[in-house]
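Residues per chain, in single letters:
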Amino acid sequence: MEISTLAMYHCLAFVWYFFVTYSIAHIRTEERPSEVFLYGGQWKYLTVLNLVLQAVFYGVSFLADVLRLIKKLRCAKCVISSRDLLFSVLAFPVSAFVSISFWTLYTYNRELVYPKSLDGIIPLWLNHAMHTAVLPFAVLEILATPHRYPAKKKGLILLGFVAFLYISWVLWIYSVTGEWVYPLFALFSPAGLAALFAGSLAVIISFYNFGEFLNRMIWGDSIVILDYRRKGK
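Residues numbered from 1 in each chain as written. Predicted model: local features only at pLDDT ≥ 70, side-chain atom pairs only at ≥ 80, totals over all residues. Heavy atoms only, no water.

### Points about the environment of V60
With respect to the element layout, V60 can be found in helix α2 (residues 46-69). We classify V60 as partly exposed; its relative accessible area is 22%. Taking the C-alpha atoms as reference, V60 lies 8.9 Å from H10; in sequence the two are 50 residues apart. With residues up to four places along the chain from it excluded, the contact list for V60 reads V79 and R83. (Helix = DSSP H or I, 4+ residues; strand = E, 2+ residues; numbered from the N terminus. Buried < 20%, exposed > 50% of the residue type's maximum accessible area, 1.4 Å probe, protein only. Contact = heavy atoms within 4.5 Å.)

Next comes the structure, spelled out in structure tokens:
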């Protein structure tokens, strides 16, 4: 894809995610069901945090495109490295996890993840923007441009650290409010929760590996490195 076209796409994606994040953040307080928006507000939900993550990622991607267009290649290489790390470790695996886990649990019992009380608060389009569109966007990003993945050990350590931070945030909220972020968690014993968290980590790691596989299958192993080295000479 031409750099100018890629820049336009990344700009539009950034605006879209900014708009979606703004929309969910500005649901009127009086309309929010108290059992859903307790301590931590919407910022305790992985879905909403992922929207912020995607907005940041596409903002960085757009910046990288602009730097390439104006021939600031030295700066572009630095931004591209950050972009690729952000996409490989977080943007792709988290989007895949959010979309697939949400709709799997929603199909089984929606009250476990998305209570019916939210139907009158969050429009249908916003629900799909948060839980459906994120996955096609992530796949399209792989198809649109190559990404350099970090060493496997480094990538998994970073992913595991972020997962640990989110789990810690969830446990902290429970310790303060006595309420779980997701009703699903109330069904498990402490040992069961530990197994659930471990299983979720295994699933998101599998999405990380799948993203790396897709990137390699489409773009090969060295195309990104060679391309930027040539342009930087």
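### Focus on the confidence of the model for the protein
Summing up the model confidence of the protein, the mean pLDDT is 88 and the portion of residues at 70 or higher is 90%. A low-confidence stretch, residues 224-233 (pLDDT under 50), is modelled with 14 contacts involving residues beyond four sequence positions or located in other chains. (pLDDT = per-residue confidence, 0-100.)

### Side note on the packing of helix α3 (residues 73-109) against helix α6 (residues 152-177)
Remark: α3 packs on α6, axes separated minimally by 9 Å, with the N-to-C direction vectors making an angle of 60°. Here α3 is positioned oblique relative to α6, judged by the angle of their axes. Two packed elements cross with a definite hand, and for α3 against α6 that hand is right-handed. Contacts from L85, V89 and L90 in α3 reach K154, G155, L158, L159 and V162 in α6. Among the residues making up the contact of α3 with α6, the classes are represented as six nonpolar, one polar and one charged. (Axes fitted to C-alpha atoms, helices over the stretch in contact; angles between N-to-C directions. Parallel < 35°, antiparallel > 145°, perpendicular 65-115°, else oblique. Left-handed = near helix turned anticlockwise from the far one by under 90°. Nonpolar A, V, L, I, M, F, W, Y, C, P; charged D, E, K, R; others polar.)

### Structural notes on the nonpolar core
Of all hydrophobic cores here, the largest spans 54 residues; its most connected members are I24, I122 and F185. Of all the elements, α3 adds the most residues to this core, at 11 residues. The contact partners of I122, leaving out residues within four places of it in the chain, are I24, I27, Y114, N127 and M130. In terms of nonpolar packing, the next biggest core, distinct from the first, is built from five residues, A64, A76, V79 and I80 among them. (Core = buried A, V, L, I, M, F, W, Y, C linked by side-chain atoms within 4.5 Å.)

### Comments concerning the packing of aromatic side chains
Within this structure, the stated rule accounts for 22 aromatic pairs. Taking the centre distance of 6.4 Å and the plane angle of 55° together, the rings of W16 and W125 count as tilted. One end of the pair, W16, is in helix α1 (residues 3-25); the other, W125, is in helix α4 (residues 124-131), and 109 residues separate them in sequence. Measuring from centroid to centroid gives 5.7 Å for Y17 and Y58, while their planes differ by 10°, and the two rings are stacked. Taken together, the residues span a long stretch of sequence, with Y17 in helix α1 and Y58 in helix α2 at a distance of 41 residues. Overall, the relative accessible area of 0% leaves Y17 in the buried class. The rings of Y9, Y17, F57, Y58, F87, F92 and F137 are connected pair by pair, giving a single aromatic cluster. (Phe/Tyr/Trp six-rings, centres within 6.5 Å; stacked < 30°, edge-to-face > 60°.)

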